[in-house]
Amino acid sequence: MTKRRTHLAATLATLIAITSPLPAIAGPPTLPEVVERARTKGPAATNASADVQIASATRAASPLPSVLNPTLEVIVDRGKYTQDVQAIAMLYLPVEITGQRSLRIGEAEALLRWRQSDARRMIALAVGEAVSAWGELLVSVQRLHDAIDGEKVARDEAAYFRGRLEAKDASAVEVAMAEGERARWLQTRAEAELAIARAKTRLELAIGLSPIEVPGADR
């Protein structure tokens, strides 16, 4: 019974952590915050901790015998033509075979070690994913700023060449090249915005924070 209650408690804790609304933060977290959140609060860390708790509960209950309690079965029968009463009682005393307890404990200890090792692996992968997403987010934001500034310069340059074309002081080729440069910066901006959205989603999933507001990402 204690083993089942512990399993149920660990399962409920995992479900609550997964289904609870995630807190929002006003700005991008720092790198130490990203690493700490991924190690302790992220979905991977929560699942790994629950697995270790379940394995630990199994190990704690492993010394207890797995056999059922003693059972007394009584069968009473009355004669069909006489008033005789026949009663048969059978007592069942489950006995654990020698060696089963040590094997059960060894299996539970192996399960616990496996879950602990797997938890370290999952957390390491989660930290790596979080750091990668954090770095991609910062780089993409800077790329967006460069694209916005570059598009402004290219737009002014294209307007300058259009004015010169009207004054018969520039060719249509020069205007087309200026417009092409502006289009290139607009494409770079769109790619950066897409990369920001992708990196934000990756980071939010890795550290369990949503939504993450990135100053300067909506310029």
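You'll find the structure just up there.
Fair warning: this is a prediction, and the values are worked out from it, not measured in the lab.

A. Quick look at the pattern of salt bridges. Per the stated rule, a full pass over the model turns up 14 salt bridges. Across the pair Asp51 and Arg115 runs a salt bridge whose closest N-O atoms are separated by 3.9 Å. One end of the pair, Asp51, is in helix α3 (residues 43–61); the other, Arg115, is in helix α4 (residues 100–166), and 64 residues separate them in sequence. A salt bridge links Arg162 to Glu179, with the shortest nitrogen-to-oxygen separation between them at 2.2 Å. Placement of the pair is Arg162 in helix α4 and Glu179 in helix α5 (residues 172–207), with a sequence separation of 17 residues. Relative accessible area serves as the criterion here: at 36%, Arg162 is assigned to the partly exposed category. Judged by its relative accessible area of 28%, Glu179 falls in the partly exposed class.

B. Inspection of the packing of helix α2 (residues 31–40) against α4 at higher detail. For the pair α2 and α4, the least separation of the axes is 8 Å and the interaxial angle reads 150°. In this view, α2 runs roughly antiparallel relative to α4, as classed from their interaxial angle. α4 is crossed by α2, and the crossing has right-handed handedness. Between α2, through Leu31, Val34, Val35, Ala38 and Arg39, and α4, the contact on the second element is made entirely by Ile123, Ala126, Val127, Ala130, Val131 and Trp134. Residues of the contact of α2 with α4, tallied by class, amount to 10 nonpolar, no polar and 1 charged.

Rules used throughout
- Residues numbered from 1 in each chain as written.
- Predicted model: local features only at pLDDT ≥ 70, side-chain atom pairs only at ≥ 80, totals over all residues.
- Heavy atoms only, no water.
- Salt bridge = Lys/Arg side-chain N within 4 Å of Asp/Glu carboxyl O.
- Helix = DSSP H or I, 4+ residues; strand = E, 2+ residues; numbered from the N terminus.
- Buried < 20%, exposed > 50% of the residue type's maximum accessible area, 1.4 Å probe, protein only.
- Axes fitted to C-alpha atoms, helices over the stretch in contact; angles between N-to-C directions.
- Parallel < 35°, antiparallel > 145°, perpendicular 65-115°, else oblique.
- Left-handed = near helix turned anticlockwise from the far one by under 90°.
- Contact = heavy atoms within 4.5 Å.
- Nonpolar A, V, L, I, M, F, W, Y, C, P; charged D, E, K, R; others polar.

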